[in-house]
Amino acid sequence: MFINRELYRLADKYEYVTVEVYGKTHEGRELLALHINKEDKDEIVFLNSLIHAREWVVGCVTMNIIHRILEYDTEDAKLLLNNFHFIIIPVVNPDGYEYTHFKNRMWRKNREPTLEPGCYGVDVNRNFLYGFKPFVVGSGDSENGPCSETYHGTKPLMTKESIGLNLMLFKNRHNMRYYIDYHTFGNYWTNAYGAHGWAPKNEKQLGRYRENVEKSFMDSLGVKWKTGGVFNVIYECHGILVDHVHYYITPIAFTVEVGNSHDEFTAPDSRIDTFVISQWLALVSQLKLLHSDIKSGQYMQDRIKNWRRTSMEKRTVLFKREEKRQSYIQSLYKRTLKLIDNNAG
């Protein structure tokens, strides 16, 4: 895969760039994260894309960000390079991404087998812990079943991709300051929650960052983006990554939908340039605000005061408690399967 080769090339070229293999997919492909940390900084900015295989444009976005940080000698690039530790995962779902190149351009999920013969793939962005909604065999819920594009799976964190990404997030959680999950399509800059319409406890803090990005897009493109919670701006969705990251990992977490409804998933090259440049300008604007907040102490003040008023240690306990709850749901699911088998016999 070209993207993986490019990550390794950059790691060979720059001594402060490393590639971490954080897992392997069902088909044996490496799951890769690129670390950029020139000044040995603690403040982590975590970016990822292509959790949905067909959303090629956002792979261009994250790779453009990497190249602009490392290979463009600009004041903005220097500011980011000198003040943050970047962890960037351009391809969360390499099996699905590879499949879109050779079999089905519109494929969304990963490529793991499911309970339904002939139906493959779990929607990795429906397989995280917060708000997870399991598929129940025998429920008649064909809309979310194994053959659907948004199949959640039978339990949270069941895919190689979600397990690996969760471990990456969790081990870096203490220093993570900012997070984006890039998607296509739509001019949306959204935050938690997707599972319900509740506002996050740090809504005021998130509102400052949304206002910042709205101004950035208006100044650079004259385009107004829709911002707010996923549930209110896009639609209800359970087990999504941004909910999981916001609740368990770090307070400033966004899902960004790049592109427009005209192009959908197949934007022409002429517009991809506009998309990637605008996302770079928006990220720079966001991280300038973050840098200012960290220096002034505003960031930690907001984090302590508003982020559910819950310590990181207690969040770890909550995470484990939710895992136990989901384990109980899974045991009920297995019992349901047995009952179906017994009735069939």
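Everything that follows concerns the structure shown earlier in this document.
Criteria and cut-off values
Residues numbered from 1 in each chain as written. Predicted model: local features only at pLDDT ≥ 70, side-chain atom pairs only at ≥ 80, totals over all residues. Heavy atoms only, no water. Helix = DSSP H or I, 4+ residues; strand = E, 2+ residues; numbered from the N terminus. Buried < 20%, exposed > 50% of the residue type's maximum accessible area, 1.4 Å probe, protein only. Contact = heavy atoms within 4.5 Å. Areas by Shrake-Rupley, 256 points an atom, 1.4 Å probe, with all protein chains shown as cover. Pairing = 2+ DSSP bridges. Disulfide = S-S within 2.5 Å. Phe/Tyr/Trp six-rings, centres within 6.5 Å; stacked < 30°, edge-to-face > 60°. Lys NZ or Arg CZ within 6 Å of the ring centre and 35° of its normal. Core = buried A, V, L, I, M, F, W, Y, C linked by side-chain atoms within 4.5 Å. Axes fitted to C-alpha atoms, helices over the stretch in contact; angles between N-to-C directions. Polar contact = N/O pair within 3.5 Å; in protein donor to acceptor, adjacent residues only side chain to side chain. Salt bridge = Lys/Arg side-chain N within 4 Å of Asp/Glu carboxyl O.

## Digging into the overall build of the protein chain
Helix and strand counts for the protein chain come out as 11 helices and 8 strands. The buried share of the protein chain, taken over its 345 residues, is 56%. Expressed as a percentage of contacts within the protein chain between residues at least 6 apart in sequence, the contacts between residues at least 24 apart total 77%. As displayed, the protein chain offers around 15400 Å² of accessible surface, 50% of which is attributable to carbon and sulfur atoms.

## As for the pairing of strand β6 (residues 188–191)
Two strands pair when backbone bridges link them, and β6 and strand β7 (residues 226–229) are joined in this way by 4 bridges, in the parallel orientation. Counted as the bridge partner of Y188 is K226 from β7. Of the strand pairs in this sheet, β6 and strand β8 (residues 253–258) are connected by 3 bridges, and their pairing is antiparallel. Note that in β8 the partner of T190 across the bridge is T255.

## Observations regarding the state of the cysteines
Inspection of the entire model under this criterion finds 1 disulfide. Across the disulfide, C119 is cross-linked to C147 (sulfur-sulfur distance 1.8 Å). The sign of the S-S torsion, about 70 degrees, decides the handedness of the disulfide formed by C119 and C147: right-handed. Here the residue C119 occupies a position in the loop between α4 (94–102) and α5 (160–171), and C147 occupies one in the loop between α4 and α5, the gap between them amounting to 28 residues.

## As for the packing of aromatic side chains
If you walk through the whole model with that rule in mind, you get 13 aromatic pairs. Arranged with centres 6.4 Å apart and planes meeting at 80 degrees, the rings of W56 and Y97 form a pair that is edge-to-face. Residue W56 is found in helix α2 (residues 56–71), and its partner Y97 is found in helix α4; the two are separated by 41 residues along the sequence. The exposure class of W56 is partly exposed, given its relative accessible area of 27%. Above the face of the W56 ring, R105 is positioned so that its terminal group lies 3.6 Å from the ring centre. The positively charged end of R111 is found above the aromatic ring belonging to W107, 4.8 Å away from the centroid.

## What about the nonpolar core?
What tends to happen in soluble globular proteins is that the nonpolar side chains get buried as a cluster. Within the largest apolar cluster, 53 residues are counted, with the highest numbers of intra-cluster contacts made by I36, Y178, Y182 and W189. A per-element tally of this core places helix α9 (residues 269–296) first, with 10 residues. Apart from residues no more than four positions distant in its own chain, I36 is found in contact with Y16, V17, I66, I69, L70, L81, F84, H85 and F86. I51, V124, L165 and I249 belong to the second largest nonpolar core, which has 33 residues in total.

## Quick word on the sheet that holds β6
One open sheet holds the 8 strands; their spatial order is β1-β2-β4-β3-β5-β8-β6-β7, and the pairing between them is mixed. Two strands close off the open sheet at either side, each with one partner strand: β1 (17–24) and β7. Averaged over all pairs of adjacent strands, the angle between strand axes in this sheet comes to 20 degrees, irrespective of strand direction. Pairing geometry for strand β2 (residues 30–36) and strand β4 (residues 85–89), over 3 bridges, is antiparallel. Within β4, the position partnered with I36 by the bridge is F86. Sheet strands touched by α9: β3 (44–48), β4, β5 (176–184), β6 and β8. Its angle to β5, the strand with the most contacts, is close to 165 degrees.

## Concerning the side chain of T62
Looking at the element boundaries, T62 is found in helix α2. Under the relative-accessibility criterion, T62 is labelled buried at 0%. Polar side-chain contacts of T62 include one of 2.9 Å to the side chain of S49. Apart from residues lying up to four places away in sequence, T62 is in contact with N48, S49, I88, P90 and Y182.

## Things to note about the side chain of R54
Within the fold, R54 resides in the loop between β3 and α2. The class of R54 is buried, set by a relative accessible area of 7%. A distance of 2.9 Å separates a polar atom in the side chain of R54 from a polar atom in the side chain of E149. Ignoring sequence-local partners within four residues, the contact set of R54 consists of T100, R105, M106, W107, R108, E149 and F265.

## Quick word on the pattern of salt bridges
A full pass over the atoms with the stated rule returns 14 salt bridges. In this structure, the salt-bridge partner of R29 is E27, at a minimum N-O distance of 2.6 Å. Notably, a salt bridge pairs E203 with R210, separated by 2.4 Å at the nearest N-O pair. For E203, a relative accessible area of 28% translates into the label partly exposed. The class of R210 is buried, set by a relative accessible area of 10%. One continuous salt-bridge network, built from bridges that share partners, spans E6, R9, K13 and E71.

## Topic: unusual backbone geometry
The residue after T184, namely F185, is reached through a cis peptide bond having omega 15 degrees. Examined against the element boundaries, F185 turns out to sit in the loop between β5 and β6. The linkage connecting A192 with the following residue, Y193, adopts the cis geometry, with an omega of 10 degrees. Position of Y193 among the secondary structure elements: in the loop between β6 and α6 (203–221). The backbone of D40 shows a phi angle near 55 degrees, a positive value even though the residue is not glycine.

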